[in-house]
Amino acid sequence: MKYLASLLAYAGLLATPAHAGEDPLVAKGRYLARAGDCVACHTAKDGKPFAGGLPMATPIGVVYSTNITPDRQTGIGTYRFEDFDKAVRHGVAKAGYSLYPAMPYPSYARVSDEDMQALYAYFMHGVTPVTQATQAPNIPWPLSMRWPLHVWRNLFAPSVDTAAADTPMQDPVLARGAYLVEGLGHCGACHTPRAFSLQEKALGASEGEAFLAGGDAQEGWVGKTLRGDHRHGLGSWSEAELVDFFKTGRTDKAAVFGSMSEVVVHSLQYLTDEDRLAIARYLKQLPALDPDDRPHVADPATYQALHDGLTPTLGARLYADNCMACHRSDGKGYAQVFPALAANPVLNVDDPQSLIRLVLEGGTLPSTHAAPTSFSMPPLGWRLSDNEVAQVLNFVRGAWGNSGVPITASSVARIRDALSADALRVPGMQK
C-alpha cells in the first residue's frame, strides 16, 4: 500500500519527542498527527516528511498525496485555520474544489474543534517546510471532473456538527476509544467494506454492523474484520493482547504484516498506554457478525501427522519443507518471533489476497521502540508455482482446526501478475 522500507528509514526522525520548551498546543498537535498517521499518506518513497507525492491507486485512477508542510509556495503555509479545517473535516480545498475521498475527511469530521486547533498549530509551527509541488492526479476524463465529488461529499460525508456528537457512553474509556477509532484513527478506511459508490458502508458502530466488518482489497492487502468473531475477527484476542500488539506489532500468537505495519510503526506505538487501552476496549465491545460464532477448537491430527513425518499431500510436503522450521508442526510458531498459524484469524478470512501476497513477497516484522528486534519471512514466489502457493496455503487454512475456504492457482496467478514482479515467477511456469 505504501513503502514500509523507506518509512522505517526515517521513523527515527518522526519519533523524536517534543522539543524542550515547545508550545503545548504544538506538542498536542504532534501527538494527534501521529494518532491520525498523517505521515503515512503524505510522504512519498524516499521523500521528506509530509511533503506529499505518494501515489495512491483508486478505482478511477491514481491520485497523489498533497504537500502539507508549511511551505508558502507549494504547501499549506498560506492556510488560515478556516482553510485547514475546511480541508481536513469538510473535504474542501482552499481553492474551493472537493477533495478526493482518499483523504478520509468523512472520518475526520468527528475531530473536535479543540483538536483541530492543535493540529493546525503543529503543521504550521512544528513541521519543516518543504518546497515540492503536488503532482496532478492521473485520472482519465470524464472521471477526472471534480464536480461529481461535490455531489459525493454532500451524499456521503457527515456534517461536522453531526459527526462530532459522540454516541453517549457511560464508560469514558470506551468514549475515548470510539473517538480515536471512528475519528483520527480512521480505522474504517481499511477495515469497513465500501458500497458501489465507494463510500464506507458505516462510519461508526451506531450506523450498523458493517462498521469494521472487513474492508476491500487495496493493492493486495485486505483489512480484516475487527469485530468479535472468533473465526476471522478479534474474538480470540484479549484486551491486553491488543494493547501489546498496538505497542510492539506482535504478541505471543500474532505478528503485524503488510500495510498495517506502517500503522504500528508510525502511529500506534507512539500513543499513550491509556489511548491504546481505549482503542482495544472499544474494539472488544463490538459484537460478532456471525450469530453462531464459536471459539476455535484445536484439532491435533495435523500436528500428529507432521510429528510422525506423514505428509501425504503436496501442501503438507511444501509446509514441511518451507514453513515448519519457523511455524512448527503444531502450528504455534515461536512467541514474539514467528506467529502462530493455528487458530490465527488471518488464516480463516474468506479473501486470501493478503496471505497470497505475503507468501509471494515475504515480509518483515518491523522494529518498534518496545520490540526493537526485527524478523523476516523470506519470499517464496520466486521458487513456488501458482499451484504450489495455493496448495501450501490450503494446507495451513485447513490444519490445526482452521477453516479457511480453498484457494485456486488462478487466484494466486492474479495476485502475482498484479504485483508486477517478474522475479516472483518461476522460469517456465505456466500461469
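Reading the values: the criteria
Residues numbered from 1 in each chain as written. Predicted model: local features only at pLDDT ≥ 70, side-chain atom pairs only at ≥ 80, totals over all residues. Heavy atoms only, no water. Disulfide = S-S within 2.5 Å. Helix = DSSP H or I, 4+ residues; strand = E, 2+ residues; numbered from the N terminus. Buried < 20%, exposed > 50% of the residue type's maximum accessible area, 1.4 Å probe, protein only. Core = buried A, V, L, I, M, F, W, Y, C linked by side-chain atoms within 4.5 Å. Domains from an automatic or database assignment. Contact = heavy atoms within 4.5 Å. 1 Å grid on protein atoms, 1.4 Å probe; cavity = no way out; pocket = protein on both sides within 12 Å on 5 of 7 lines; lining within 4 Å. Points joined across faces, edges and corners; volume = space filled by probe spheres on them. Nonpolar A, V, L, I, M, F, W, Y, C, P; charged D, E, K, R; others polar. UniProt positions renumbered as here; feature names shortened; annotations may be inferred. Pairing = 2+ DSSP bridges. Expected span 1.5 Å × (residues − 1). Salt bridge = Lys/Arg side-chain N within 4 Å of Asp/Glu carboxyl O.

Turning to the state of the cysteines, a few remarks are in order. Within this structure, the stated rule accounts for zero disulfides. Between Cys-41, a free cysteine, and Cys-190, which holds the nearest cysteine sulfur, the sulfur-to-sulfur gap is 8.2 Å. Cys-323 supplies the cysteine sulfur nearest to Cys-326, a cysteine that is in no disulfide, at a spacing of 8.7 Å.

A cis amide bond links Trp-141 to the next residue, Pro-142, at an omega of 10 degrees. Mapped onto the fold, Pro-142 is located in the loop between helix 7 (113-125) and helix 8 (147-156). The phi dihedral of His-186 is positive, around 35 degrees, even though this residue is not glycine. Its location among the elements puts His-186 in the loop between helix 10 (172-184) and helix 11 (188-191). Among the residues examined, His-186 registers a relative accessible area of 17% and is labelled buried.

This part takes up the nonpolar core. Generally speaking, nonpolar side chains in soluble globular proteins are found buried as a group. The biggest cluster of nonpolar side chains holds 59 residues, and the ones touching the most others in it are Phe-84, Phe-123 and Leu-283. Counting only elements with at least two residues in this core, the list comes to helix 3 (24-35), helix 4 (38-41), helix 5 (81-90), helix 6 (105-108), helix 7, helix 10, helix 12 (239-248) and helix 14 (273-284). The element best represented in this core is helix 7, accounting for eight residues. Two domains share this core, each providing at least three of its residues, namely domain 1 (24-127) and domain 2 (167-295). Setting aside residues up to four positions removed in sequence, Phe-84 forms contacts with Ile-76, Tyr-79, Met-116, Leu-119, Tyr-120 and Phe-123. Leu-318, Tyr-319, Phe-395 and Ala-399 belong to the second-largest nonpolar core, a separate cluster that totals 27 residues.

Counted under the stated rule, the structure contains one cavity of 30 Å³ or more. Here the largest cavity defines a volume of roughly 30 Å³. Lining the largest cavity, in full, are Arg-250, Thr-251, Lys-253, Ala-254, Ala-255, Tyr-334, Gln-336, Val-337, Phe-338, Pro-339 and Leu-365. Of the residues that constitute the lining of the largest cavity, the class distribution is seven nonpolar, two polar and two charged. Among the domains, domain 2 (167-295) and domain 3 (300-418) are the pair contributing at least three residues each to the lining of the largest cavity.

This next bit is on the UniProt feature "binding site: heme c 1" (unreviewed entry) in the protein. Sequence positions flagged by UniProt for "binding site: heme c 1" (unreviewed entry) are, in local numbering, Cys-38, Cys-41 and His-42. Looking at the element boundaries, Cys-38 is found in helix 4. Those residues in contact with His-42 that sit more than four places away from it in its chain are Phe-50, Ala-51, Gly-52, Ser-65, Thr-66 and Ile-68.

This part takes up the pairing of strand 1 (residues 55-58). Relative to strand 2 (residues 61-64), strand 1 runs antiparallel, the two being bridged by four bridges. In the strand pairing of strand 2, Met-56 is matched with Val-63. Counted along the chain from strand 1 to the antiparallel partner strand 2, the turn is two residues long.

Let us look at helix 7. Taking 1.5 Å per residue, 13 residues should reach 18 Å; helix 7 reaches 18 Å between its end C-alpha atoms and fits that length. Taken together, the buried positions of helix 7 are Asp-115, Met-116, Ala-118, Leu-119, Tyr-120, Ala-121, Tyr-122, Phe-123 and Met-124. Of the surrounding elements, those touching the buried residues of helix 7 are helix 3, helix 4, helix 5 and helix 10.

Inspection of the entire model under this criterion finds 17 salt bridges. Of the charged contacts, one joins Asp-83 and Arg-80 as a salt bridge, the two residues approaching to 3.2 Å between their closest N and O atoms. The exposure class of Asp-83 is buried, given its relative accessible area of 8%. For Asp-330, the salt bridge is made with Arg-328, and the minimal N-O distance between the two is 2.6 Å. Looking at Asp-330, the relative accessible area reads 16%, which means it is buried. Salt bridges here are not isolated pairs; linked through shared partners, they connect Lys-28, Glu-114 and Asp-115.

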